[in-house]
Amino acid sequence: MAYIAFIAILFGAAGIAGGIEAENTAGTIAAAAIHVGGIIAMYAAARKEQKEGGADMQEEYGLQVIAEGSFTDEGYSIRTVTIRLNGAAMDGYIMSGKWNIGDVYETSAEYKEYIRKKELARKEWEKKILGMLGIEEEAGCSITRALSEIFTVVQVRQDKPDAQGDEPC
């Protein structure tokens, strides 16, 4: 079904371009309907696969540690970890991103609600990634996308003096 939907999307897009170029309004509208129908069918196929437990859709968050290092500097411990995310974790990152702009919404309240939901989703994603790395505290942590599915996690902590009051080295 997904293959046929993909073909409909391609032919619909080509038909739209051809209809516009030929100034054929009826043909353009028909091609647009085929294009939109293909998109809907593609979405339906993906949802069906997800509900039926398709292998890729049910994947759990995972990551691979590529490099890790730490150092201390003037009373602060800095830990850096370079990680590679699997598909599910990458999807979590993408789906928690803010992709819409305010013009899409009728009111600013709707847009603010969208932003709030996306920020909560990103916090949950960050919490999962940090938990997988054994980092319990979120304060002083930053996760930055470096390239494609490669991310850098940086944790900065202020070192505590030992029991005698000496600063750690």
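Everything below is about the structure shown above.
Residues numbered from 1 in each chain as written. Predicted model: local features only at pLDDT ≥ 70, side-chain atom pairs only at ≥ 80, totals over all residues. Heavy atoms only, no water.

Draft legend 1. Region of interest: the pairing of strand β1 (residues 63–73). Alignment of β1 against strand β2 (residues 76–85), held across 10 bridges, turns out to be antiparallel. Across the sheet, residue Q64 finds its bridge partner in β2, namely R84. Remark: two residues form the turn of the hairpin made by β1 and β2, two consecutive strands paired antiparallel; E74 in that turn has positive phi of roughly 45°. (Pairing = 2+ DSSP bridges. Helix = DSSP H or I, 4+ residues; strand = E, 2+ residues; numbered from the N terminus.)

Draft legend 2. Just the packing of helix α3 (residues 87–95) against helix α4 (residues 108–132), in detail. At a minimum axis distance of 9 Å, the contact between α3 and α4 shows a crossing angle of 155°. One finds that α3 runs roughly antiparallel with respect to α4. In the crossing of α3 with α4, the sense of the turn from one axis to the other is left-handed. Between α3 and α4, the contacting residues are A89, G92, Y93 and M95 on the first element and K118, R122, W125 and I129 on the second. Class assignment for the residues of the contact of α3 with α4 results in five nonpolar, one polar and two charged. (Axes fitted to C-alpha atoms, helices over the stretch in contact; angles between N-to-C directions. Parallel < 35°, antiparallel > 145°, perpendicular 65-115°, else oblique. Left-handed = near helix turned anticlockwise from the far one by under 90°. Contact = heavy atoms within 4.5 Å. Nonpolar A, V, L, I, M, F, W, Y, C, P; charged D, E, K, R; others polar.)

Draft legend 3. Representation of α3 in the model. All of the buried residues in α3 are A88, A89, M90, G92 and Y93. Each element contacted by the buried residues of α3 is listed here: β2, α4, β3 (141–147) and β4 (150–158). (Buried < 20%, exposed > 50% of the residue type's maximum accessible area, 1.4 Å probe, protein only.)

Draft legend 4. Local environment of the side chain of Q155. Within the secondary structure, Q155 is located in strand β4. Here Q155 falls in the buried class, since its relative accessible area comes to 5%. Here Q155 is in contact with S77, I78, R79, I135, E137, G140 and C141, once residues within four sequence places are set aside.

Draft legend 5. Representation of the packing of aromatic side chains within the structure. Scanning the entire structure with this criterion turns up six aromatic pairs. Ring centres of W125 and F151 lie 5.6 Å apart, and the angle between their planes is 55°; this geometry places the pair in the tilted category. Separated by 26 residues along the polypeptide, W125 in helix α4 and F151 in strand β4 bring together distant segments of the chain. Residue W125 is classed as buried on the basis of its relative accessible area of 3%. Residue F151 is classed as buried on the basis of its relative accessible area of 1%. An aromatic cluster is defined as three or more aromatic residues linked by ring pairs; in this entry it consists of Y93, W125 and F151. Cation over ring: R122 sits above W125, and NZ or CZ is 5.8 Å from the ring centre. Across the ring face of Y61, the terminal group of K128 is positioned such that the distance to the ring centre comes to 4.5 Å. (Phe/Tyr/Trp six-rings, centres within 6.5 Å; stacked < 30°, edge-to-face > 60°. Lys NZ or Arg CZ within 6 Å of the ring centre and 35° of its normal.)

Draft legend 6. Region of the structure containing the pattern of salt bridges. In total, this model carries four salt bridges according to the counting rule given. For R84, the salt bridge goes to E149, with nearest N and O atoms at 2.9 Å. In this pair, R84 sits in strand β2 while E149 sits in the loop between β3 and β4, placing the two residues 65 residues apart along the sequence. Judged by its relative accessible area of 38%, R84 falls in the partly exposed class. A relative accessible area of 21% means that E149 is categorised as partly exposed. For K98, the salt bridge identified is with E119, shortest N-O distance 3.5 Å. Taken together, the positions of K98 in the loop between α3 and α4 and E119 in helix α4 put the pair 21 residues apart, joining distant regions of the chain. K98 gets classed as partly exposed once you look at its relative accessible area, which sits at 45%. (Salt bridge = Lys/Arg side-chain N within 4 Å of Asp/Glu carboxyl O.)

Worth remembering: the numbers are spatial, not functional.
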